[in-house]
Amino acid sequence: MPAVTVENPLTLPRVAASGDAVARPVLAVTDAPSGFEGEGFPVRRAFAGINYKYLDPFIMMDQMGEVDYGAGEPKGTPWHPHRGFETVTYIIDGTFVHQDSNGGGGTITNGDTQWMTAGSGLLHIETPPESLVASGGLFHGLQLWVNLPAKDKMKDPRYQDIRGGQVQLLSTPDGGALLRVIAGELDGHEGPGITHTPITMVHATLRPGAEITLPWRADFNGLAYVLAGRGSVGTDRRPVHMGQTAVFGAGSSLTVRADEKQESDHPDLEVVLLGGRPLREPMAHYGPFVMNTREELQQAFDDFQKGRLGTIPAVHGMSEGGL
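Small disclaimer: the values here were computed from a predicted structure and weren't measured.

Colleague: Sorry, what's going on with the nonpolar core here?
Modeller: Ranked by size, the top nonpolar core spans 30 residues in total, and within it Phe47, Phe58, Met61, Leu144, Met201, Leu223 and Leu274 carry the most contacts. Put simply, the parts of the chain that give this core at least two residues each are strand S4 (58–69), strand S6 (85–93), strand S11 (137–147), strand S14 (177–183), strand S17 (199–206), strand S19 (222–228) and strand S24 (269–276). Residue contacts for Leu274: discarding those within four places in its chain leaves Phe47, Phe58, Met61, Leu144, Thr200, Met201, Trp216, Asn221, Gly222 and Leu223. By size, the runner-up hydrophobic cluster in this structure holds 27 residues, among which are Ile212, Phe220, Val233 and Val271.

Structure follows, in structure tokens:
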């Protein structure tokens, strides 16, 4: 970790909050409980226990791994439905193959992102390629769920294949951090992900002792999830470590700092920064469906049971090359 990097961050555009920016306070730091997803791969539930008003428009996020599989151990998900939101799968290490009933699909690996807008509904599957199942190996990634506004919930599904080399790379004035803008914009620099709901998603790597104070849209919320390492958040340097989420309050900048000493297996602080404009709409969420009312939720279940969310393709065996 990480897969997408540069030798000298000082060659990149540099960003920093202006001197009159209002620092966002840290409202809470929460621990992500561990669990299992799909056919049994380990996850950390990054948003567990956080009040939804601080998450909106994000619904949930799982850190998948980091796990070093033995031969025959890699696992994925079976075919399953979605409606009413977007799934963002970001692979840091390893490989995942995606296929859906709308014709989207492909292989993502080492810094790639797949952005699937379920919209009115589809079926999809995510599995490791046969070669990875046979050999085993390192697997580490994130899956983020982004809510859709009511006006977009029944839009046609869409699939975006974002290669690691497409992300916008930035740094800080001293070159102590590498920032990968996956979606949205940071200080006018835009990432490749196209979103229905205005958000910003950044994967930041901070060298030991480095500090970032970034401009952050005042109309967005602010979250920081620690993938690896140790550091602090906010101007009062509240401690954080791997598997914790920091919730920021109102303001126009946020601060993250890496401790001077890191663990030997993770030499840097790795953080995912998230912000989004809250929808402030009613939400009815159960399993794979996220709607606005219980009636719409029931309709989603009925449509799935009647086969209206798509059918599994007749030929759905997947190889390393995708479909």
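From this point on, the discussion continues.
Colleague: Is there a simple way to explain the pattern of salt bridges in this structure?
Modeller: Any two side chains of opposite charge can pair, given that their charged atoms come close. Counting across every chain of the model gives 14 salt bridges. Note that Arg45 is salt-bridged to Glu37, the shortest N-O span being 3.2 Å. Residue Glu37 is classed as partly exposed on the basis of its relative accessible area of 33%. Across the salt bridge formed by Asp219 and Arg217, the nearest N and O atoms sit 2.7 Å from each other. By relative accessible area, Asp219 is classed as partly exposed at 35%. Where salt bridges share partners, they join Glu211, Arg237, Arg257 and Glu260 into one cluster.

Colleague: I keep staring at the environment of Ala46 and nothing clicks. Help me out?
Modeller: The topology assignment puts Ala46 in the loop between strand S3 (41–45) and helix H1 (52–55). By relative accessible area, which is 1% here, Ala46 ends up buried. Ala46 sits 32 residues away from Pro78 along the chain, and the two C-alpha atoms are 22 Å apart. Once you skip the residues sitting within four places of it in the chain, Ala46 turns out to touch Thr30, Ala32, Met61, Tyr225 and Thr245.

Colleague: Please clarify how the sheet that holds strand S23 (residues 253–258) should be interpreted in this entry.
Modeller: The four strands lie next to each other as S18-S23-S20-S21, forming an open sheet whose pairing is antiparallel. Taken across any chain shown, the strands that pair with only one partner, and hence form the sheet edges, are strand S18 (211–215) and strand S21 (238–241). When the angles between neighbouring strand axes are averaged without regard to direction, this sheet yields 25 degrees. Direction of pairing for strand S20 (residues 230–233) relative to S23: antiparallel, over a ladder of three bridges. In the strand pairing of S23, Ser232 is matched with Arg257.

Colleague: It is not clear to me how the sheet that holds S4 should be interpreted in this structure. Could you clarify?
Modeller: Neighbouring strands of a sheet are bound in pairs by backbone hydrogen bonds; such pairs are parallel or else antiparallel. Spatially, the seven strands line up as an open sheet ordered S2-S3-S4-S11-S6-S9-S12, and their pairing is antiparallel. The sheet is open, and its two edges are formed by strand S2 (34–37) and strand S12 (158–162), each paired on a single side. This sheet shows a mean twist of 25 degrees between the axes of neighbouring strands, independent of strand direction. Two elements, S6 and strand S9 (residues 113–117), share five bridges in a ladder whose sense is antiparallel. Pairing of Thr87 across the sheet is with Met116, part of S9.

Colleague: When you look at a negative patch on the surface in this model, what are you seeing that I'm missing?
Modeller: Taken together, the side chains of Glu66, Asp68, Glu73 and Asp265 make up a negatively charged region of the molecular surface. Tracing the chain through its elements places Asp68 in strand S4. In this structure Asp68 comes out as exposed when scored by relative accessible area, which is 59%.

Colleague: Looking at this structure, how should I read the packing of aromatic side chains?
Modeller: How two aromatic rings sit relative to each other is given by the distance of their centres and the angle of their planes. All chains considered together, the criterion is met by five aromatic pairs. Taking 5.0 Å as the distance between ring centres and 45 degrees as the angle between the ring planes, the aromatic pair formed by Phe96 and Phe139 counts as tilted. Here Phe96 is found in strand S7 (residues 95–100), whereas its partner Phe139 is found in strand S11, with 43 residues between them in sequence. An identical accessibility class is assigned to Phe96 and Phe139; each is buried. With 5.8 Å between their ring centres and 55 degrees between their planes, Tyr286 and Phe301 make a pair best called tilted. With Tyr286 in strand S25 (residues 284–286) and Phe301 in helix H3 (residues 294–305), this pair connects stretches of sequence that are 15 residues apart. Its relative accessible area of 22% is what places Phe301 among the partly exposed residues. Each residue in the set Tyr286, Phe289, Phe301 and Phe304 is aromatic and connected to the rest through ring pairs, giving one cluster.

Definitions and limits used
Residues numbered from 1 in each chain as written. Predicted model: local features only at pLDDT ≥ 70, side-chain atom pairs only at ≥ 80, totals over all residues. Heavy atoms only, no water. Core = buried A, V, L, I, M, F, W, Y, C linked by side-chain atoms within 4.5 Å. Buried < 20%, exposed > 50% of the residue type's maximum accessible area, 1.4 Å probe, protein only. Helix = DSSP H or I, 4+ residues; strand = E, 2+ residues; numbered from the N terminus. Contact = heavy atoms within 4.5 Å. Salt bridge = Lys/Arg side-chain N within 4 Å of Asp/Glu carboxyl O. Pairing = 2+ DSSP bridges. Axes fitted to C-alpha atoms, helices over the stretch in contact; angles between N-to-C directions. Patch = residues over 30% accessible without salt bridge, like charges linked within 9 Å, V, L, I, M, F, W, Y side chains within 5 Å. Areas by Shrake-Rupley, 256 points an atom, 1.4 Å probe, with all protein chains shown as cover. Lys, Arg positive; Asp, Glu negative; His and termini not counted. Charge placed at Lys NZ, Arg CZ, Asp CG, Glu CD. Phe/Tyr/Trp six-rings, centres within 6.5 Å; stacked < 30°, edge-to-face > 60°.

Keep in mind these values describe shape, not function.
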